[in-house]
Amino acid sequence: MAGILLVEDDPSVRTALELALARQGHSVTSCPTGEEALDHIRSRRPEIAILDVMLPGIDGVEVCRRIRKMDQLPVILLTARGDDLDVVVGLEAGADDYVVKPVEPRVLDARIRAVLRRVESVVSDRITFGDLVVDRGALKVSLAGREIHLTPTELRLLLELVRHPGQVLNRRYLLRAVWDHTHAADSRLVDACVQRIRAKIEPVPAEPEFIHTVRGFGYRFSPP
């Protein structure tokens, strides 16, 4: 049973999702605005936050950005059908996954469980590549002795790449391994997550030393 914070301004949608997720065994707390969501996270941290992108006041993407400044709490965004801009901006803000509206409760439940499995499946181990150290048990990454803060999804993707040094991993494989997705269109999840990792671990993100793009195929972890 997951402790979920659901942030949705439409009362009918909010109530329907609350009931559906409760039937799946989750404990759900809901609120209609981003401001209330941030207050709740500060006072009583949930296990995962589900954010509607189109919220009044502080929208879901900005809430996600503010969460990332203070916490690595898993975040799933609810986006309008076909709105690619929402998806891309949300993923760049640090969201772990997204679900397109109208929301099918079973799909949302599966995405919640998949995101939480990424957190639970991290095992105790340390991997070192030069100045880069990944501690899977402590959910910590350091570069030249400086701690780098990654979300569980970012850490899981980095670990998957690190497990195969020098090997090209295509986006479809990474979607299955990290997100439990199989739909090719979701490759945006991989690209956005790689960009966020590069921004945190690469000295010059535009000229990566660790995670290299192999055009037309995917990504390769090749430490210097």
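Residues numbered from 1 in each chain as written. Predicted model: local features only at pLDDT ≥ 70, side-chain atom pairs only at ≥ 80, totals over all residues. Heavy atoms only, no water.

Undergrad: What is the right way to read the pairing of strand 4 (residues 75-79) from this model?
TA: Residues in a regular strand point their side chains to alternate faces of the sheet. Most of strand 4 sits inside the fold, with five of its five residues counted as buried. Neither face of strand 4 is left uncovered, since the one carrying V75, L77 and T79 and the one carrying I76 and L78 both have all their residues buried. Bridge analysis of strand 3 (residues 48-52) against strand 4 gives four bridges, and the strand direction is parallel. Residue pairing across strands places D52 opposite L78, the latter belonging to strand 4. Bridge count between strand 4 and strand 5 (residues 97-100): four bridges; the pairing is parallel. Note that in strand 5 the partner of L77 across the bridge is Y98. (Buried < 20%, exposed > 50% of the residue type's maximum accessible area, 1.4 Å probe, protein only. Helix = DSSP H or I, 4+ residues; strand = E, 2+ residues; numbered from the N terminus. Pairing = 2+ DSSP bridges.)

Undergrad: What should I look at first to understand the packing of helix 7 (residues 171-179) against helix 8 (residues 187-201) in this one?
TA: Relative orientation of the contacting elements helix 7 and helix 8 amounts to 85°, with a least axis distance of 9 Å. Our classification of the angle between helix 7 and helix 8 gives roughly perpendicular. Residues R171, L174, L175 and W179 of helix 7 form the contact with helix 8, whose own contacting residues are S187, L189, V190, D191 and C193. Among the residues forming the contact of helix 7 with helix 8, the class breakdown is six nonpolar, one polar and two charged. (Axes fitted to C-alpha atoms, helices over the stretch in contact; angles between N-to-C directions. Parallel < 35°, antiparallel > 145°, perpendicular 65-115°, else oblique. Contact = heavy atoms within 4.5 Å. Nonpolar A, V, L, I, M, F, W, Y, C, P; charged D, E, K, R; others polar.)

Undergrad: Which parts of the structure should I look at to understand the sheet that holds strand 7 (residues 132-135)?
TA: Note on sheets: strands pair through backbone hydrogen bonds, and any given pair is parallel or antiparallel. Pairing in this open sheet of four strands is antiparallel, and the strands run 6-7-8-9 from one edge to the other. What marks the edges here is a single partner per strand, and that holds for strand 6 (126-129) and strand 9 (146-148). With direction set aside, neighbouring strand axes in the sheet form an average angle of 20°. Bridging between strand 7 and strand 8 (residues 140-143) involves four bridges; their strand directions are antiparallel. Bridge pairing links V133 to S142 in strand 8.

Undergrad: For this particular structure, what's the right way to read the packing of aromatic side chains?
TA: How two aromatic rings sit relative to each other is set out by the distance from centre to centre and by the angle between their planes. Under the counting rule described, the total for this entry stands at two aromatic pairs. Taking 5.0 Å as the distance between ring centres and 70° as the angle between the ring planes, the aromatic pair formed by F129 and F221 counts as edge-to-face. You can see F129 sitting in strand 6 and its partner F221 sitting in strand 12 (residues 218-221), a full 92 residues away along the chain. Looking at F221, the relative accessible area reads 0%, which means it is buried. (Phe/Tyr/Trp six-rings, centres within 6.5 Å; stacked < 30°, edge-to-face > 60°.)

Undergrad: Where do I start with the pattern of salt bridges in this structure?
TA: It is possible for side chains bearing opposite charge to pair when their charged atoms get close. Across all of its chains, the model carries 15 salt bridges by this definition. The shortest N-O distance in the salt bridge between R45 and D71 comes to 2.7 Å. Highlighted residues: R45 in the loop between helix 2 (34-43) and strand 3 and D71 in the loop between helix 3 (60-70) and strand 4, separated in sequence by 26 residues. Accessibility expressed as a relative area gives 48% for R45, which makes it partly exposed. Through salt bridges that share partners, E8, D52 and K101 make up one connected network. (Salt bridge = Lys/Arg side-chain N within 4 Å of Asp/Glu carboxyl O.)

Undergrad: Which parts of the structure should I look at to understand the packing of helix 6 (residues 152-162) against helix 8?
TA: In a pair of packed helices, the angle between the axes and the distance between the axes together describe the arrangement. For the pair helix 6 and helix 8, the least separation of the axes is 10 Å and the interaxial angle reads 90°. The angle between the axes of helix 6 and helix 8 places the two elements in the roughly perpendicular class. Between helix 6 and helix 8, the residues in contact are T153, E154, L157 and L158 and V190, C193, V194, R196, I197, K200 and I201, respectively. The residue makeup of the contact of helix 6 with helix 8, split by class, is seven nonpolar, one polar and three charged.

Undergrad: Is there a simple way to think about unusual backbone geometry in this case?
TA: Trans is the prevailing form of peptide bonds, just as negative phi is the prevailing case for residues other than glycine. The omega angle of the peptide bond from K101 to P102 is -5°, so this bond is cis rather than trans. Looking at the secondary structure, you find P102 in the loop between strand 5 and helix 5 (105-120). For A144, which is not a glycine, the phi torsion comes out positive at approximately 55°. With respect to the secondary-structure elements, A144 resides in the loop between strand 8 and strand 9.

Undergrad: Sorry, what's going on with the side chain of R14 here?
TA: Assignment of secondary structure puts R14 in helix 1 (residues 11-23). Despite being buried, R14 has no salt bridge partner; E18 is the closest side chain of opposite charge, sitting 4.6 Å away. Within the structure, R14 has its side chain in polar contact with the backbone oxygen of E8 (distance 2.6 Å). Setting aside residues up to four positions removed in sequence, R14 forms contacts with L6, E8, D9, S30, C31 and P32. (Lys, Arg positive; Asp, Glu negative; His and termini not counted. Polar contact = N/O pair within 3.5 Å; in protein donor to acceptor, adjacent residues only side chain to side chain.)

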